[in-house]
Amino acid sequence: MRRERKATQRWAILAGPVLAVALLAAGPALAQTPVMPGQPLAFDRAKGNCLTCHDIKGGDAPGNVGPPLNDMKNRFPDRNELAAIIYDETKRNPQSVMPPFGRNLILTHEEIESVVDFLYTR
Ligand code: HEC
């Protein structure tokens, strides 16, 4: 009985550091793997296609028809305001060349929310 408990304790002493090292090693990989669902929605030409007009960190060959989408959380603390711009920018600016992604059914409400989540990381 005593011996068994000792064996378990020894195992725990070994397993602790082994697990810690494994988690440390996996950490950077785990942090890099997930791509937010909003990123492909924003970058895909058949979906948001935002890069055609906006510079967004992490996107290739952006256009400059619209302003760069950076520092989004600070500039748009109200996420409903940001979602509304993506839904239909012609409400704010009737002359805007930005497609009304929600009104024209290019993106669903859910997809627009994902794009907002993604933009909040830029
Ligand atoms: C055809 C070009 C075009 C596309 C595509 C486009 N936009 Fe825009 N966007 C603009 C322009 C131009 C403006 C400047 C404001 C205006 O026209 O009313 C703008 C403004 C914005 C703004 C306000 C930025 C600010 O700093 O005031 C946001 C946010 C935005 N766009 C998000 C998006 C997102 C997200 C997508 C993709 C889902 C997208 N846009 C796709 C042209 C575009």
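Look a little higher up for the structure.
So, here is what we can say about the structure in this document. (Residues numbered from 1 in each chain as written. Predicted model: local features only at pLDDT ≥ 70, side-chain atom pairs only at ≥ 80, totals over all residues.)

### Points about the packing of helix H4 (residues 79-87) against helix H5 (residues 109-119)
Formally: Angles shown run from 0 to 180 degrees and are taken between the N-to-C directions of axes, each axis being a line fitted to C-alpha atoms and, for helices, limited to the stretch in contact. Numbering of helices and strands starts at the N terminus; helices are DSSP runs of H or I of at least 4 residues and strands are runs of E of at least 2. Orientation is classified from the angle alone, with under 35 degrees giving roughly parallel, over 145 giving roughly antiparallel, 65 to 115 giving roughly perpendicular, and any other angle giving oblique. In this scheme the handedness of a crossing depends on how the near helix is turned from the far one: anticlockwise by less than a right angle means left-handed, clockwise means right-handed. Contacts are defined on C-beta atoms placed from the backbone: any two residues whose C-beta positions lie within 7 Å are in contact.
Here H4 crosses H5 at 120 degrees, and the two axes come no closer than 10 Å. Considering their axes alone, H4 and H5 lie oblique with respect to each other. The handedness of the crossing between H4 and H5 is right-handed. The residues of H5 that touch H4, namely those facing Arg79, Leu82, Ala83, Ile86 and Tyr87, are Ile112, Glu113, Val115, Val116 and Leu119.

### A look at the site of the ligand
To keep things clear, this is the line we draw: To decide nearness, the C-beta atom of each residue is placed from the backbone, and the residue is near a molecule or strand if that atom lies within 6 Å of it. Classes in brief: Ala, Val, Leu, Ile, Met, Phe, Trp, Tyr, Cys and Pro nonpolar; Asp, Glu, Lys and Arg charged; the others, Gly included, polar.
The ligand sits among 23 residues. The nearest are Gly48, Cys50, Cys53, Gly66 and Asn93. Its residues placed into classes, the shell around the ligand shows 14 nonpolar, seven polar and two charged.

### Things to note about the environment of Asn104
Of note, Asn104 is situated in the loop between H4 and H5. For Asn104 and Asp88, which are 16 residues apart along the polypeptide, the C-alpha to C-alpha distance reads 8.5 Å.

### With respect to unusual backbone geometry
Filter applied, for reference: Three exposure classes are used. Buried residues have 20 or more other C-beta atoms within 10 Å of their own C-beta, exposed residues have 12 or fewer, and partly exposed residues fall in between, all C-beta atoms being placed from the backbone.
The phi dihedral of Asn49 is positive, around 55 degrees, even though this residue is not glycine. Examined against the element boundaries, Asn49 turns out to sit in the loop between helix H2 (38-43) and helix H3 (72-75). When the 17 C-beta atoms within 10 Å are taken as the criterion, Asn49 is described as partly exposed.

### A word on H5
Within H5, the full set of buried residues consists of Ile112, Ser114, Val115, Val116, Phe118 and Leu119. Elements in contact with the buried residues of H5: H2, H3 and H4.

### Concerning the nonpolar core
What counts is decided by this rule: In this description, a nonpolar core means buried residues of the types Ala, Val, Leu, Ile, Met, Phe, Trp, Tyr and Cys, linked to one another by C-beta atoms lying within 7 Å.
Of all hydrophobic cores here, the largest spans 13 residues; its most connected members are Ala42, Ile86, Leu107, Ile112, Val115, Val116 and Leu119. Of all the elements in the fold, those that place two or more residues in this core are H2, H4 and H5. Setting aside its immediate chain neighbours within four residues, Leu119 contacts Leu69, Met72 and Leu82.

Geometry only, nothing functional implied.
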